[in-house]
Amino acid sequence: MSSYDVIVIGSGPGGYVAAIRCAQLGLKTACVEGRETLGGTCLNVGCIPSKALLHATHMLHEAEHNFAEMGLKGKSPSVDWKQMLAYKQSTIDTNTKGIEFLFKKNKIDWIKGWASVPEAGKVKVGDETHEARNIILASGSEAASLPGLEIDEKTIVTSTGALELGKIPKKMVVIGAGVIGLELGSVYARLGSEVTVVEYLDAITPGMDPEVQKTFQRMLKKQGMKFIMGAAVQGAEVAKGKAKVSYKLRKDDSEHELDADTVLVATGRKPYVDGLGLEALGIEMTKRGQIAVNNQWQTSVKGIYAIGDVIEGPMLAHKAEDEGMAAAEVIAGKHGHVNYGVIPGVIYTHPEVASVGETEATLKEAGRAYKIGKFSFMGNARAKAVFAGDGFVKLIADKETDRILGCHIIGPGAGDLIHEVCVAMEFGASAQDLAMTCHAHPTYSEAVREAALACGDGPIHM
């Protein structure tokens, strides 16, 4: 029987980061993973492969729509779908092998197989049981579905199946207008599929700034994506490799149908805890099926911690990473910290969409006085030079103190620009602090400074 200071269950962004941090802090560490490769959903069938396809199809879009205007003349490239999938796979392989290297570098044992926890302090994998003074549950999440939708990962698919379709569909129906649905929907729209997004609510990307929602939907429509809002999907039937999706409009209960070659079910994700034995252990769960933890990421059973998608909060890789490092610090007797008020969210379409902190809606609900500084990318020279002048930066600050409370960006490089605001918020900066910071010209980041200026006397270039 092997004995460890810490055994981490799951090698996704939360799990592998927790394992590495534990090892760095001098703890004898092992990580259990049932997949053939490390990295969890994110590296294998999530964040990384989807970004590869988003990048490849964005290059195709540029060639088809912008190259000629820049003086790059010639026949538009044709799509070799098999080669594009091979490129995607090579991206996955490079990253997962990178995690293997980091495990070896930090002397972390990879225990291959699926884990269960028969009792506190013990982890069973196959026929072997290992001892651990501490256990971190980082088993991640799986795609959620709806009644009447039978996933076969061929015609009716989750994000996993959508990343490895045998061919590019002529018609795709995306159920759910959240991050996953819009990212993968935009991939196939660029590849020539007729993409229709069916959403139960009246706005896309629930929880985002309403102005961003409207602008974003308008831009995606311009790119060829269709939207049916306020629609409740009733089910889908598959015959001869084709699907027929039925839905009801909430406004009048009228029934409708859509034909599709592929149906992508993108209705969110749910914690994956199957086979861990949590019920027998007596681990407390939330009403939504998440593992309940205290402010030290400890479960109701001593010595067992949980992080990432299996606990409350946004199902984001970087949130899991922060919790992984924090839980490791706690186990090592240090102070673990996660600032849940400064966790950015990014949608990697084109343009990108990014947000952090409060929205107008949350501040109104809290009765807090605020002010807004807004700047359009049409006033940014760098953005206009690369056909990316659509979109804006919207900075929200406290009306009295000028302290930055949130930021919402739709435009070029939004996923990188948001972190300037994250750092500012972490240090409790004011909008004026950001406005007085020199930004290189010409860069997209100048739009962030201009939005900060707009919280005061006004922007310069608008």
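Thresholds, definitions, all that
Residues numbered from 1 in each chain as written. Predicted model: local features only at pLDDT ≥ 70, side-chain atom pairs only at ≥ 80, totals over all residues. Heavy atoms only, no water. Helix = DSSP H or I, 4+ residues; strand = E, 2+ residues; numbered from the N terminus. Rg over C-alpha atoms; globule rule 2.2 N^0.38 Å. Buried < 20%, exposed > 50% of the residue type's maximum accessible area, 1.4 Å probe, protein only. Contact = heavy atoms within 4.5 Å. Areas by Shrake-Rupley, 256 points an atom, 1.4 Å probe, with all protein chains shown as cover. Lys, Arg positive; Asp, Glu negative; His and termini not counted. Charge placed at Lys NZ, Arg CZ, Asp CG, Glu CD. Core = buried A, V, L, I, M, F, W, Y, C linked by side-chain atoms within 4.5 Å. Expected span 1.5 Å × (residues − 1). Polar contact = N/O pair within 3.5 Å; in protein donor to acceptor, adjacent residues only side chain to side chain. UniProt positions renumbered as here; feature names shortened; annotations may be inferred. Axes fitted to C-alpha atoms, helices over the stretch in contact; angles between N-to-C directions. Parallel < 35°, antiparallel > 145°, perpendicular 65-115°, else oblique. Left-handed = near helix turned anticlockwise from the far one by under 90°. Nonpolar A, V, L, I, M, F, W, Y, C, P; charged D, E, K, R; others polar. 1 Å grid on protein atoms, 1.4 Å probe; cavity = no way out; pocket = protein on both sides within 12 Å on 5 of 7 lines; lining within 4 Å. Points joined across faces, edges and corners; volume = space filled by probe spheres on them. Salt bridge = Lys/Arg side-chain N within 4 Å of Asp/Glu carboxyl O. Pairing = 2+ DSSP bridges.

Novice: Looking at this model, I keep getting lost on the overall build of the protein. Mind explaining?
Specialist: Counting its secondary structure elements, the protein contains 14 helices and 22 strands. Relative to the compact-globule value of 23 Å for 462 residues, the protein shows a C-alpha radius of gyration of 23 Å, a close match. Dimensions of the protein, computed from the C-alpha atoms along their principal axes, are close to 65 × 60 × 50 Å. Within the protein, the fraction of its 462 residues that count as buried is 52%. Counting contacts in the protein only where the partners sit at least 6 residues apart, residues at least 24 apart contribute 63% of the total. With an accessible surface of roughly 21800 Å², the protein has 50% of that area assigned to carbon and sulfur atoms. Mean positive and mean negative side-chain charge positions of the protein (49 and 56 charges, respectively) differ by 3 Å.

Novice: Can you walk me through the nonpolar core in this structure?
Specialist: Looking at soluble globular proteins, one finds that nonpolar side chains tend to be buried together. Counting residues in each nonpolar core, the largest one holds 54 residues, and the members touching the most others are Phe103, Ile136, Leu137 and Ile291. Ranked by residue count, the leading element in this core is helix 1 (residues 13-24), at seven residues. Look past the residues within four positions of Ile136 in its chain and what remains in contact with it is Val6, Ile7, Val8, Ile9, Ala18, Cys22, Tyr305, Ile307, Ala327 and Ile331. Formed by 37 residues, the second largest nonpolar core is a distinct cluster that contains Met172, Val174, Ala189 and Met219.

Novice: Would you mind showing me how to read helix 7 (residues 210-222) here?
Specialist: Each α-helix winds once per 3.6 residues, and so residues spaced three or four apart point in a common direction. Helix length check: helix 7 (13 residues) gives 19 Å between terminal C-alpha atoms against 18 Å at 1.5 Å per residue, within 8%. If you follow the buried residues of helix 7, they end up packed against helix 6 (179-190), strand 11 (226-229), strand 18 (345-347), strand 19 (352-357), strand 21 (392-398) and strand 22 (404-411). For helix 7, the N-terminal capping position is held by Asp209, with its side-chain oxygen 3.0 Å away from the main-chain nitrogen of Glu211. Where helix 7 terminates, the next one or two residues include Gly224, which has phi positive at roughly 110 degrees.

Novice: I'm lost on the UniProt feature "domain: FAD/NAD(P)-binding" (unreviewed entry) in the protein in this one. Help?
Specialist: Summarizing the sequence annotation, UniProt attributes the feature "domain: FAD/NAD(P)-binding" (unreviewed entry) to residues 4-324 in the numbering used throughout. In the segment residues 4-324, helix accounts for 32% and strand for 27%; the C-alpha atoms at its two ends are 17 Å apart.

Novice: What is the right way to read the packing of helix 1 against helix 9 (residues 317-331) from this model?
Specialist: The relative placement of two packed helices comes down to the angle between their axes together with the axis-to-axis distance. With their axes 7 Å apart at the nearest point, helix 1 and helix 9 run at an angle of 30 degrees to one another. When the axes of helix 1 and helix 9 are compared, the pair comes out roughly parallel. Here helix 1 and helix 9 pass one another in a crossing that is right-handed. Across the interface between the two elements, Pro13, Gly14, Tyr16, Val17, Ala18, Arg21 and Cys22 of helix 1 pack against Ala317, Ala320, Glu321, Gly324, Met325, Ala328 and Glu329 of helix 9. Residue classes in the contact of helix 1 with helix 9 are distributed as nine nonpolar, two polar and three charged.

Novice: Which parts of the structure should I look at to understand empty space enclosed by the protein?
Specialist: Taking a probe equal in size to a water molecule and rolling it over the atoms shows the remaining empty space. What the rule picks out here adds up to one cavity of 30 Å³ or more. For the largest cavity, the calculated volume is near 40 Å³. Taken together, Ala143, Ser159, Ile180, Val265, Ala266, Thr267, Gly268 and Arg269 make up the lining of the largest cavity. Of the residues belonging to the lining of the largest cavity, the class tally is four nonpolar, three polar and one charged.

Novice: Please clarify how the side chain of Glu352 should be interpreted in this entry.
Specialist: Locating Glu352 in the fold gives a position in strand 19. Despite being buried, Glu352 has no salt bridge partner; Arg190 is the closest side chain of opposite charge, sitting 8.8 Å away. A polar atom in the side chain of Glu352 sits 3.3 Å from the backbone nitrogen of Ala414. Each residue touching Glu352, except ones within four places of it in the same chain, is listed here: Ile347, Ile409, Ile410, Gly411, Gly413, Ala414, Gly415 and Asp416.

Novice: How should the pairing of strand 15 (residues 262-265) be read in this particular structure?
Specialist: Both faces of the sheet carry side chains from a regular strand, because those side chains alternate between them. The alternating pattern of strand 15 places Thr262 and Leu264 and Val263 and Val265 on opposite faces, both of which are buried. Relative to strand 15, strand 8 (residues 156-157) runs parallel, the two sharing two bridges. Looking across to strand 15, one finds that Val157 is bridged to Leu264.

Novice: Help me out: how do you make sense of the packing of helix 1 against helix 4 (residues 81-105) in this one?
Specialist: Orientation of helix 1 relative to helix 4, taken along the N-to-C sense of each, is 20 degrees, at an axis distance of 10 Å. When the axis of helix 1 is compared with that of helix 4, the two are roughly parallel. Remark: the crossing between helix 1 and helix 4 carries left-handed chirality. Residues Tyr16, Ala19 and Ile20 of helix 1 form the contact with helix 4, whose own contacting residues are Ile99, Leu102 and Phe103. Residues of the contact of helix 1 with helix 4, tallied by class, amount to six nonpolar, no polar and no charged.

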